[in-house]
Amino acid sequence: MADFSRGRARQPKPQHQARHDGPHRQAQGGPSRARPDHRDTRKGSFRQKQRDAAERGPRSSGVGPRSAPHPRSAHGPDPRKLGWAVLRRVSPGDVLEGAVLAEFRHQGLDTSMLHRVLPMLEDASRFGMLFDHLIGHVATRPAGALDADVRAALHLYLAWFLLDDPKAVYAHGQAAVDLLSDVHTARGFVNACVRRLSELLKVENVPPDDYRAMAAAGKIPEFWRDRCRLGAGRITRAERAIFADFATAPATHLAQTCGLPEDFVNRLIEQHGLNAACMVALSAVEKTPTWLRANTLKTSPEGLKHILSLRGIEATQQSRAIALPVGTRDFDQLGIFETGLAYVQDFSAQQVAPAVGARQGDKILDLCAAPGGKATHLAELTTERAKILAVDVSLEKIERIQENIARLGYTSIATAAADALTVKFPEPFDRVLLDAPCSNSGVLARRVEARHRLTPGKLKELGEMQRKMLENAAANLKPGGTLVYSVCSVLMEEGMDVTRAFIEARQPGTSHTREDGGWAIEEEKVVLPVPAWHDGTYFCRLKAP
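A quick note: this is a predicted structure, and the numbers were derived from the prediction, not measured.

J.: Explain the packing of aromatic side chains to me, using residue names and the numbers behind them.
T.: For the structure on display, the rule yields eight aromatic pairs. With a centroid separation of 6.1 Å and an interplanar angle of 25°, the aromatic rings of Phe-127 and Phe-131 are classed as stacked. Summarising the burial analysis for this pair, Phe-127 and Phe-131 share the class buried. Where Phe-223 meets Phe-246, the ring centres are 4.5 Å apart and the plane angle is 25°; that geometry is what we call stacked. Linking Phe-223 in the loop between helix H10 (211-217) and strand S2 (227-231) with Phe-246 in the loop between strand S3 (234-238) and helix H11 (250-258), this pair joins segments that are 23 residues apart in sequence. Comparing Phe-223 with Phe-246 shows no difference in burial state: the two are buried. One aromatic cluster is present, built from ring pairs that chain together Trp-291, Phe-347 and Trp-533. Above the ring of Trp-160, the side-chain terminus of Arg-80 is found at 4.1 Å from the ring centroid.

J.: Could you give me a rundown of the sheet that holds strand S14 (residues 537-543), with the residues and numbers involved?
T.: What the seven strands build is an open sheet, ordered S10-S9-S8-S11-S12-S14-S13; its pairing is mixed. Strand pairing shows two members of the sheet lacking a second neighbour, strand S10 (413-417) and strand S13 (520-527), which therefore form its edges. Along the sheet, successive strands turn relative to each other by an average axial angle of 15°, direction set aside. Sheet topology places strand S9 (residues 387-392) next to S10; five bridges connect them, and they run parallel. Each bridged residue has a counterpart across the sheet, and for Ile-388 the counterpart in S10 is Ile-413. With respect to the sheet, helix H18 (residues 456-475) is in contact with strand S8 (363-367), strand S11 (429-435) and strand S12 (477-487), its orientation differing from that of S12 by roughly 150°.

J.: Any details on the packing of helix H8 (residues 169-178) against helix H9 (residues 187-200)? Residues and values, ideally.
T.: Look at H8 against H9: their axes get within 9 Å of each other, and the N-to-C directions meet at 160°. In terms of their interaxial angle, H8 and H9 are classed as roughly antiparallel. Both H8 and H9 take part in a crossing whose hand is right-handed. On H9, the residues that touch Val-169, Gly-173, Ala-176, Val-177 and Asp-178 of H8 are Arg-187, Val-190, Asn-191, Val-194 and Ser-198. Here the contact of H8 with H9 is composed, by residue class, of five nonpolar, three polar and two charged.

Criteria and thresholds
Counting of residues starts from 1 at the beginning of each chain's written sequence and follows it residue by residue. Residue-level local features of this predicted model are given only where pLDDT is at least 70; pairs of side-chain atoms are given and counted only at 80 or more, and the full residue set underlies all totals for whole chains, interfaces and linings. For the side-chain quantities, the full set of heavy atoms in the structure was used; hydrogens and water were omitted. Working definition: a ring pair exists when centres of Phe, Tyr or Trp rings (six-membered ring for Trp) sit within 6.5 Å. Plane angles under 30 degrees give stacked, over 60 give edge-to-face, the rest tilted. The classification of residues rests on relative accessible area computed with a 1.4 Å probe and restricted to protein chains. Under 20% of the type maximum is buried, over 50% is exposed, and intermediate values are partly exposed. Secondary structure counts use DSSP, requiring at least four H or I residues in a row for a helix and at least two E residues in a row for a strand, with both numbered from the N terminus. A positively charged side chain is recorded as over a ring if its NZ (Lys) or CZ (Arg) lies within 6 Å of the ring centre. The angle to the ring normal must also be within 35 degrees. Paired strands, in this sense, are two strands between which DSSP finds at least two bridges. Working convention: axes come from line fits to C-alpha atoms, limited for helices to the stretch in contact. Angles between N-to-C directions cover 0 to 180 degrees. Two residues qualify as a contact provided that any one of their heavy atoms is within 4.5 Å of a heavy atom in the partner residue. Throughout, the term roughly parallel applies to angles under 35 degrees, roughly antiparallel to angles over 145, roughly perpendicular to angles from 65 to 115, and oblique to all others. Left-handed is the label given to a crossing in which the near helix is rotated counterclockwise from the far helix by less than a right angle, and right-handed is the label when the rotation is clockwise. Charged residues are taken to be Asp, Glu, Lys and Arg, nonpolar residues to be Ala, Val, Leu, Ile, Met, Phe, Trp, Tyr, Cys and Pro, and polar residues to be all remaining types, Gly included.

The structure is reproduced here in structure tokens:
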């Protein structure tokens, strides 16, 4: 593939511009009136442009006159190059939005281009491991051995080619090559890779899988050795078999096609079975709808759905949760958020607060409460007649909670900045909700970067922290009170193993006192994600002795 693809206009080089008349020319030919230059008034000539600019007046920047820009010229920062500048610097698992905003600040830009840069980076992160596998089939070196700038350019090319516009494959390839400077030694390597990838892969659109029906029937979709799903009915087909055989190596196949660590997929199969593991893996590929919770102090789920229909949005209701159609844009401009009619919260997350069993008059502690979804849900369930304290570790998170409280109009929620690992309040609470930090393995559709943190070492570290948080949450609970532990993870290391370790530590013969014995599990639930529908979560309600 040539550096300049067919149909791409080249900008004139500076040396091709018209020459200025120097003093020696005037001496030989005399002034311009004695030797008229017909090129001087030709449309588009250098001198004519200077005169036109002088007649229009100086530029606002004060650096002098300049001709009007060509209407098709690119002006302002290139979002592709901005995305590449971020992707080549971030480490796997870094939060993308924060990295993009940091790059904007570094370049002195505002956030107006965030919506153009962040989606392409999310695509590159969501399918990063799949892209590495594809690159390995066309490159002489594995993707992990490539320089960061080369790898980032190839990942962005695959994101543009496979997920944006497959017909513009040559333009995408040229854009990927142009991300590297003219003197970069890897331009030829990138050029060769994008050409081979365009020959290896084709993109097809097929009817989307009905994952909801499959999940209800306990079935799984078909898997192929030469194809993989990209979401919403789009698949990429290779000219030959490049993926592991699902029948003989299901974990390897799911890891390759869904862009997940193979160790994580093996854990899913061991803990939940192959069918459930397939659904969790596919949920990392498919995008889920935006779910809303109606603020029942102002409207009902049915009323919220009717308001959306008046705005031309046909939402779906499951239980008391409302799902917007996938791909709904500018839903924050529907007039239902600034008025406090709704809160964005996934279907699975909306099942946690009711499990607390809060009643009017209760004193409730919500640990790790940001951004406030479960605390505000508790206020709705108790019709603002309970005392709720929402706690998180930083002032920034507390501000997010307070913003949502003010927008929704609650008065029964107070906030405090404290560490859930160590905080001890003077008076115990009737009910405590701990929504602990976790690996986000149940919300991979939304937290696209989380898949890169699903390592054994990180899971062990999280499990130890979660156990300590649960111990401290219990220390703030009244005798006979209710403690709910929840995580947005589907791994047993962060769910059942944590609650079982908590109870077993209070059995006779342990270091705990006799009064600590008698803890009981009243309700426990693992909500597995359904691809293209909702996320996954785990919660457990414990009763104190």
